[in-house]
Amino acid sequence: MSKRTFGIITILFWLAFGLLVALDFSRSQTTQAEPPLIALGSGQAASGGHCSGR
């Protein structure tokens, strides 16, 4: 595969990815607040994840 072909495929991939993310954000009604998996330095223990102890 030539560098030009690889570059074109890479650009098309990121354009499609960005389009799908934008479509997802535009179709979402509300955002759901989820607990952080890691709460580094915040003084709060994480309430999610397999090793949070809760």
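To be clear, the structure that these remarks concern was listed above.
The rules behind these values
- Residues numbered from 1 in each chain as written.
- Predicted model: local features only at pLDDT ≥ 70, side-chain atom pairs only at ≥ 80, totals over all residues.
- Heavy atoms only, no water.
- Helix = DSSP H or I, 4+ residues; strand = E, 2+ residues; numbered from the N terminus.
- Buried < 20%, exposed > 50% of the residue type's maximum accessible area, 1.4 Å probe, protein only.
- Areas by Shrake-Rupley, 256 points an atom, 1.4 Å probe, with all protein chains shown as cover.
- Phe/Tyr/Trp six-rings, centres within 6.5 Å; stacked < 30°, edge-to-face > 60°.

Colleague: Please clarify how the overall build of the protein should be interpreted in this entry.
Modeller: When you go through the protein residue by residue, the secondary structure sums to one helix and zero strands. Across the 54 residues that make up the protein, the buried fraction comes to 4%. Put simply, the protein shows about 5,300 Å² of open surface, and 64% of that area lies on carbon and sulfur atoms.

Colleague: Sorry, what's going on with the packing of aromatic side chains here?
Modeller: Here the structure, examined in full by the defined rule, presents three aromatic pairs. Aromatic pair W14 and F17: ring centres 5.4 Å apart, planes at 85°, arrangement edge-to-face. You can see W14 and its partner F17 sitting in helix 1 (residues 3-27), three residues apart, about one turn around the helix. Judged by relative accessible area, F17 falls into the partly exposed class, the value being 43%. Grouping aromatic residues by their ring pairs yields a cluster made of F13, W14 and F17.

None of the figures reported here should be taken as evidence of function without further support.
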